[in-house]
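Here's the letter readout for the chains.
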Number of protein chains: 2
Amino acid sequence: MMQNVEKIALVGAGLVGSLMAIYLAKRGYKVDLYERRRDMRKGSADAGRSINLALSNRGLRPLKEVGLNEAAKKMVIPMQGRMMHDHKGSLTFQPYGRLGQAINSISRGGLNELLMNEAEKLGVKIHFDHLCTGIDFEKNLLSFDVNGKEIEQSADIIIGSDGAFSVVRGFMQRTDRFNFSQYYIEHGYKELSIPPAPNNGFKIDKNALHIWPRGNYMLIALPNLDGSFTVTLFFPFNGQPSFDTLQTRDDVEQFFKEVFPDAYELMPTLADDFQTNPTSSLVTVKSYPWVKNKTLIIGDASHAIVPFYGQGMNSGFEDCRILNALLDQHQDNWDVVLQKFNETRKPDVDAISDLALQNFIEMRDLVADEDFLLRKKIEARLHELYPEKWTPLYSMVTFNEDIRYSEALNIGRRQKEIMDEVMRSPDIENTWEELDFKNIVEKLEV
Amino acid sequence: MMQNVEKIALVGAGLVGSLMAIYLAKRGYKVDLYERRRDMRKGSADAGRSINLALSNRGLRPLKEVGLNEAAKKMVIPMQGRMMHDHKGSLTFQPYGRLGQAINSISRGGLNELLMNEAEKLGVKIHFDHLCTGIDFEKNLLSFDVNGKEIEQSADIIIGSDGAFSVVRGFMQRTDRFNFSQYYIEHGYKELSIPPAPNNGFKIDKNALHIWPRGNYMLIALPNLDGSFTVTLFFPFNGQPSFDTLQTRDDVEQFFKEVFPDAYELMPTLADDFQTNPTSSLVTVKSYPWVKNKTLIIGDASHAIVPFYGQGMNSGFEDCRILNALLDQHQDNWDVVLQKFNETRKPDVDAISDLALQNFIEMRDLVADEDFLLRKKIEARLHELYPEKWTPLYSMVTFNEDIRYSEALNIGRRQKEIMDEVMRSPDIENTWEELDFKNIVEKLEV
């Protein structure tokens, strides 16, 4: 039997670490949250990570559980669908789900501050400038470098929430039989900007996630509260065209003018931004097991994913919710909870990891494809007619937080098989409205 | 254009590092070989790594190229096939290839000493007790801890040949866009022993690799020159039965007596060996790219594989041969050679990595399966009738060093499809000799 757990140390005060600290403080634990950076609330730019994120149901539910739902909602701009921009700047809108369903653009920094403030209010002690330099998994000891001084801290439970390049995971990796992979895609990203219209107005529709799909690459834009849009170019590192071929200001201006003409008009600081802002890489990290004695890793530390399903933060927040639910269910018996979390959560994060990689192809290429758009139309109709029986994959992942990721992936695969068959019907473009929708939905039930 | 290369540093003086050092010294480079261990030739046990290995054609060819073929041949015991031991101790022999084809049991330590001696003879300086603690990939600098003292060394080219847990690869992993995975299988292994018969005789057939296949696990034995056999148990860590369930001396004795009765009779020190020798894990490591500026990783450092195809050392030796051939081909233009090696060799080591995992199932389970044995018989006949047109996969990998691993994998897949079809012929067990073998072989040519 495990000894009494009183003191919990979290490494990494990002979004997931701060939310987990709140949950644990509310359960009555003494929580220390260690962060290698300085306090972001005292002003600092955080290079290399995205400025805004899409918060959806799986992220909202835990915020609701800890009572931060309303505060968070004041910080978001709902995006009801994708706004596609073609080569000529013509627009097409694709709703994400049913009326009232939306994903929410939110500032990473703003949300992180909200969570840290709440954590401190609940008695969590946040230790900034603490770089983790070692973990003794047997003795449950953490070492930190604090401004050049080495200190040691102990805890009954240690949780690593220190992101895709987790130091805690790094130490686990040195122990025997720890499975681990990191795979980079061929694309990187660079953040750019569309400034606000006069009086904090928005230069393009603010209630949409804007996409300029261009086959092998794409540009996207998410709105910010001040009227600006954060624009992100997802682009190959090498090849033609690529970051490699856009070397001079002229290269950049030429390329954008030609390929994203309507966006180009809205980006007066394009060439400067392009040269100043870093080009960042995109990695998928998998690891297992996530538990080593009394140390656990959560969020990006155990399962970093690419951003194309908008589920990185959302899945990390869901980790926190599920860990908390297991603590409820097992009366805070951490031995049991750590093992259950490890075993039951793994297939779900593997599922969203794969879905996120697949969705890049959908976003950058298929969203402008006739066949794909027709599939979406038919699936939307199926959902409209049988809302309880046929929910499109995107909606299951984004709006149905009661469906596990792994379940969504499986149902989605079955739906795809059925839709592949439907799409082979003769003259489907013109006859789809006459399909036997009842029969299609019933296939899913077998 | 790359500056002149004169000085090459290798990290890791194991089998692959020592052979590579020989190749490079023969080309006229000044070669330093750094090794974290003490000099094994001065006596030291090397726990946690297998005692003997199966040297086959891909390993013999480079030894021949550097003139060590004859010396190595004096150290080997040829094994012409598998000797299967069933539950009752009954024996079945399956030849590996045609008459005269064999894999060769050789002592890891003995071969390593041969290679180190030859390297030194050619002017290679081996620096023992040098633990690599850092690499500056830009400045081409290596740091070492030498008995507690930190020293720095530079080189024009750095090659990491420091094994599955490579320190050089570890430093590469910290740089951006380095793909990496390490996956452990559910099985571990433990080395045991059958002592020699009187006067260095052999208690079982010395010219075979002995296997006790038992479905989910197996025991194997390879002969040593002194008449003993090194016995290895490949066994799950957990479950029933597993290392976890064999805790006491009695558990071990009981289990072996029941499951490997004929081996049990030959192992007087079984219970002692079992408790003294470590239980080791089995990992597959993949990484890419293998080149960072002027540093390259080879052998297990870039692609550690499980031992079930007997190709770990052989593929590492082949790395050396191919790197040397590229240096020939490109007049020692290292810029070109490093990139070519990186790109062309990767699909081959991925192929043998997958084949090695698959072969575990074959060894521990299928070798005792009727359907499998019939397939082998039909394939042997095909090879006998059409030796140029149909070579079984095992032979391509083991005896045909001119066929790339990736090519062997592809041909093997096609052969499997054809054989799946052949095996569906009615009453195949009794009619196989009447098959239209010419027709079968021709299917492979399309």
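Predicted model only: the values in this text are computed from it and were never measured. Note that residues are indexed from 1 along each chain, following the sequence as it is written. Chain A is the first chain written and ligand 1 is the first ligand written, with later ones labelled in order. With the structure being a predicted model, the display of local features is reserved for residues of pLDDT at least 70 and the display and counting of side-chain atom pairs for 80 or more, all residues being used for whole-chain, interface and lining totals. As a rule here, side-chain values cover all heavy atoms of the structure and leave hydrogens and water aside.

Novice: Which residues make up the domain arrangement of chain A, and what are the values?
Specialist: Residues and elements named next belong to chain A. Just so you know, the domain bounds were taken from an automatic or database domain assignment. The domain boundaries assigned to chain A delineate domain 1 (7-74 + 108-182 + 283-359), domain 2 (185-281) and domain 3 (369-445). Counting residues at the interface gives 13 residues for domain 1 and 13 residues for domain 2. When the two sides are added together, the surface that domain 1 and domain 2 hide from each other amounts to roughly 880 Å², 62% of it contributed by carbon and sulfur. Only one rule defines a salt bridge in this text: a Lys or Arg side-chain nitrogen within 4 Å of an Asp or Glu carboxyl oxygen. Put simply, domain 1 and domain 2 have zero salt bridges between them. Counted as a polar contact is a pair of N or O atoms within 3.5 Å, where, for protein atoms, one must be capable of donating a hydrogen and the other of accepting one, and residues adjacent in sequence contribute only when both atoms are in side chains. At the junction of domain 1 and domain 2, the tally comes to four residue pairs in polar contact (both at pLDDT 80 or more). Residue contributions to the side of domain 1 that touches domain 2 peak at three residues, all from strand E3 (residues 52-55). We call Asp, Glu, Lys and Arg charged. Ala, Val, Leu, Ile, Met, Phe, Trp, Tyr, Cys and Pro are nonpolar, and the rest, Gly among them, are polar. Residues of the side of domain 1 that touches domain 2, tallied by class, amount to eight nonpolar, three polar and two charged. Any two residues whose heavy atoms approach within 4.5 Å at even a single point are treated as in contact. Once two parts are joined, some of their accessible surface, as seen by a 1.4 Å probe, is lost; buried area is that loss totalled over both. Secondary structure elements follow DSSP: runs of H or I of four or more residues count as helices, runs of E of two or more count as strands, with numbering from the N terminus.

Novice: Lay out the pattern of salt bridges with the relevant residues and their values.
Specialist: Tallied over the entire structure, the rule returns 52 salt bridges over all chains. One salt bridge connects Asp371(B) with Arg375(B), and the closest N-O pair in it is separated by 3.3 Å. Note that Asp371(B) and Arg375(B) are positioned in helix H12 (residues 370-385) at a spacing of four residues, about one turn of the helix. Residues participating in the shared-partner salt-bridge network are Arg58(A), Glu318(A), Asp319(A), Arg321(A) and Arg345(A).

Novice: A description of the packing of aromatic side chains should follow, citing residues and the corresponding values.
Specialist: Working definition: a ring pair exists when centres of Phe, Tyr or Trp rings (six-membered ring for Trp) sit within 6.5 Å. Plane angles under 30 degrees give stacked, over 60 give edge-to-face, the rest tilted. Under the defined criterion, the tally for this structure stands at 47 aromatic pairs over all chains. Look at Tyr217(B) and Phe260(B): their rings are 6.2 Å apart centre to centre, the planes differ by 90°, and that puts the pair in the edge-to-face class. Residue Tyr217(B) is found in the loop between strand E14 (209-213) and strand E15 (218-223), and its partner Phe260(B) is found in the loop between helix H6 (249-259) and helix H7 (261-265); the two are separated by 43 residues along the sequence. An identical accessibility class is assigned to Tyr217(B) and Phe260(B); each is buried. In this structure an aromatic cluster arises from ring pairing among Tyr217(A), Phe235(A), Phe237(A), Phe243(A), Phe255(A), Phe256(A), Phe260(A) and Phe274(A). Looking at Arg58(A), its charged tip hangs above the ring of Tyr405(A), at a distance of 4.3 Å from the centre. Burial status follows relative accessibility: with a 1.4 Å probe on protein chains alone, a residue under 20% of its type maximum counts as buried, one over 50% as exposed, and anything between as partly exposed. Distance and angle both matter: a charge sits over a ring if NZ of Lys or CZ of Arg is within 6 Å of the ring centre and within 35 degrees of the ring normal.

Novice: Break down the interface of chain B and chain A for me, with residues and values.
Specialist: Interfaces are often described in size by the accessible area the parts lose on coming together. In this complex, chain B contributes 17 residues to the contact, which on the side of chain A involves 17 residues. Of the roughly 1,600 Å² buried where chain B meets chain A, counting both sides, 36% is carbon and sulfur surface. Applying the counting rule to chain B against chain A returns zero salt bridges. Across the contact surface, chain B and chain A share nine residue pairs in polar contact (both at pLDDT 80 or more). At the level of secondary structure, the elements contributing two or more residues to the side of chain B that touches chain A comprise strand E13 (179-194) and strand E17 (280-288) of chain B. A class-by-class count of the residues in the side of chain B that touches chain A yields six nonpolar, six polar and five charged.

Novice: Please set out the relation of the copies chain B and chain A residue by residue, giving values where relevant.
Specialist: Superposition of the copies was done by least squares, using only C-alpha atoms of residues whose pLDDT is at least 70 in both. Taken as rigid bodies, chain B and chain A are interconverted by a rotation of 180° and an axial shift of 0.0 Å, the fit giving an RMSD of 0.0 Å. Overall, the copies show the geometry of a two-fold rotation axis. Scanning chain B for the C-alpha nearest the rotation axis identifies Ser181(B), at a separation of 2.0 Å. Of the interface residues in chain B, 100% have counterparts in chain A that sit at the interface too, so the contact is made through matching surfaces.

Novice: Can you tell me about the pairing of strand E15 (residues 218-223) of chain A, naming the residues and giving the values?
Specialist: Residues and elements named next belong to chain A. Burial of E15 is extensive: six of the six residues sit out of reach of the surface. Burial along E15 is two-sided: the residues Met-218, Ile-220 and Leu-222 and Leu-219, Ala-221 and Pro-223 are all buried. Strand pairing requires that DSSP identify at least two bridges connecting the strands. Relative to E15, strand E14 (residues 208-213) is paired through four bridges, and the arrangement is antiparallel. Note that in E15 the partner of Pro-213 across the bridge is Met-218.

Novice: Quick rundown of the side chain of Ser161(B)? Include the residues and the values.
Specialist: With respect to the helices and strands, Ser161(B) occurs in the loop between strand E12 (157-160) and helix H5 (167-173). Leaving out residues up to four positions away in the same chain, Ser161(B) has contacts with Leu10(B), Val11(B), Gly12(B), Val16(B), Gly17(B) and Ile298(B).

Novice: Got a sec to walk through the environment of Ile51(B)? Specific residues and values, please.
Specialist: Residue and element names in this part refer to chain B. On the secondary structure map, Ile-51 appears in the loop between strand E2 (30-34) and strand E3 (52-55). Taking C-alpha positions, Ile-51 is 35 Å from Trp-334, a pair spaced 283 residues apart along the chain. For Ile-51, the contacting residues outside a window of four places in its chain are Ile-106, Ser-107, Arg-108, Glu-191 and Thr-230.

Novice: Tell me about the pairing of E13(B), and please be specific about residues and values.
Specialist: The buried fraction of E13(B) amounts to 13 of the 16 residues, a majority that puts the element mostly inside the structure. Summarising the sheet, strand E13 (residues 179-194) of chain A and E13(B) pair through three bridges and their orientation is antiparallel. By the bridge assignment for E13(B), Ser181(A) is matched with Ser181(B). Two elements, E13(B) and E17(B), share eight bridges in a ladder whose sense is antiparallel. Across the sheet, Tyr189(B) pairs through a bridge with Ser280(B), a residue of E17(B). As paired strands, E13(B) and strand E16 (residues 229-236) of chain B are joined by eight bridges and run antiparallel to one another. What sits directly across from Gly188(B), in E16(B), is Phe235(B).

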